[in-house]
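Close look at the chain arrangement
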Amino acid sequence: MIRVLVAEDQSAVRAGLVLILRSAPDVEVVGEAVDGEQALALARELRPDVVLMDVQMPRMDGVSATRAVVAEGLADVLVLTTFDLDEYVFGALRAGAAGFLLKNTEAKDLIAAVRTVAGGEGVVAPAVTRRLIAEFAARPARPPKADPAVLESLTRREREVLGCLGEGLSNAAIAERLDMAEATAKTHVSRLLAKLELRSRVQAAVLAQELGIQHAEPPA
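Owing to the predicted nature of the structure, the values given are computational and were not obtained by experimental measurement.

1. Considerations on the overall build of the protein
Helix and strand content of the protein: 10 helices and five strands. In the protein, which comprises 220 residues, the proportion classed as buried is 49%. Intrachain contacts of the protein at a sequence separation of at least 6 include 67% that bridge at least 24 residues. As presented, the protein carries roughly 10,300 Å² of accessible surface, and 51% of it is formed by carbon and sulfur atoms.

2. As for the nonpolar core
Judged by nonpolar contacts, the single largest core of 26 residues is most densely connected at Val 51, Met 53, Val 69, Val 77 and Val 79. Taken together, the elements giving at least two residues each to this core come down to strand 1 (2-7), helix 2 (36-46), strand 3 (50-54), helix 3 (62-71), strand 4 (76-81) and helix 4 (87-94). Looking at which element gives the most residues to this core, the answer is helix 3, with five residues. Excluding residues within four positions of it along the chain, Met 53 makes contact with Ala 7, Ala 39, Gly 62, Ala 65, Thr 66, Val 69, Val 77, Leu 78, Val 79 and Leu 80.

3. Here's the deal with the sheet that holds strand 5 (residues 99-102)
Spatially, five strands are ordered 2-1-3-4-5 in an open sheet, and the strand pairing comes out parallel. A single partner strand is all that each edge strand has here, and the edge strands are strand 2 (27-33) and strand 5. Sheet twist, expressed as the mean angle between neighbouring strand axes with direction ignored, is 25°. The sheet contacts of helix 3 involve strand 3 and strand 4, and relative to strand 3 the element is tilted by about 160°.

4. Details of helix 1 (residues 11-22)
The end-to-end C-alpha separation of helix 1 is 16 Å, in line with the 16 Å expected for 12 residues at 1.5 Å each. Residues of helix 1 that are buried: Arg 14, Leu 17, Val 18 and Leu 21. The arc that holds every buried residue of helix 1, seen down its axis, measures 100°, which confines them to one face. Opposite the packed face of helix 1, turned more than 90 degrees from it, sit the exposed residues Ala 12 and Leu 19. Where helix 1 is buried, its residues contact strand 1, strand 2, strand 3, strand 4 and helix 5 (107-118).

5. Looking at the pattern of salt bridges
Under the defined criterion, the tally for this structure stands at 11 salt bridges. As a salt-bridge pair, Glu 8 and Lys 103 come within 2.9 Å of each other at their nearest N and O atoms. Residue Glu 8 is found in the loop between strand 1 and helix 1, and its partner Lys 103 is found in the loop between strand 5 and helix 5; the two are separated by 95 residues along the sequence. Here Glu 8 falls in the buried class, since its relative accessible area comes to 0%. Of the residues examined, Lys 103 reaches a relative accessible area of 25% and is grouped as partly exposed. Note that Arg 59 is salt-bridged to Glu 37, the shortest N-O span being 3.1 Å.

Rules used throughout
- Residues numbered from 1 in each chain as written.
- Predicted model: local features only at pLDDT ≥ 70, side-chain atom pairs only at ≥ 80, totals over all residues.
- Heavy atoms only, no water.
- Helix = DSSP H or I, 4+ residues; strand = E, 2+ residues; numbered from the N terminus.
- Buried < 20%, exposed > 50% of the residue type's maximum accessible area, 1.4 Å probe, protein only.
- Contact = heavy atoms within 4.5 Å.
- Areas by Shrake-Rupley, 256 points an atom, 1.4 Å probe, with all protein chains shown as cover.
- Core = buried A, V, L, I, M, F, W, Y, C linked by side-chain atoms within 4.5 Å.
- Pairing = 2+ DSSP bridges.
- Axes fitted to C-alpha atoms, helices over the stretch in contact; angles between N-to-C directions.
- Expected span 1.5 Å × (residues − 1).
- Arc of directions from axis to C-beta.
- Salt bridge = Lys/Arg side-chain N within 4 Å of Asp/Glu carboxyl O.

Encoded structure:
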């Protein structure tokens, strides 16, 4: 069973999310939080697999709560937002969220996203992720927050995979791009995340954009 904590301050929305999640035979809603502080407290107590986290909540917002949950290794976080590509989303991804969904996401897609994040893939919707990354890249140039020296630990292949993550590609798409098995692509992703001390693929994608890591060209 995938154990999920739902953090959402609007009771009607929270009830709807819980109802959808409980309709899945492999998902168990273990707790409900009405603000970021309660979300963090319940995450510490219940240790869910996934926290479904609204970004705009009283007392402690979802970005701060996500940062704390991720920093303490309590769960993977799937962020919920009303607005596509708002500043909260970028903040949540920088804080280590595994991905994000809009609140009007279809029920089946919400369940699929929870399963995906619980499985460690960390990509909710590649098309949305690519839009996020493109928006991030289009912003005015500024000094990178990451030190380029962090890349020194990566192999050439891992850098190529990082470049693919910068495009928001899934493991299957990375495998096709770099002419390798999907299992091999997944291994490279896991290794580079560990080396760079990143919690999610989307964090890696943002890092790739900050440092100007170019995607690899398809083999001739």
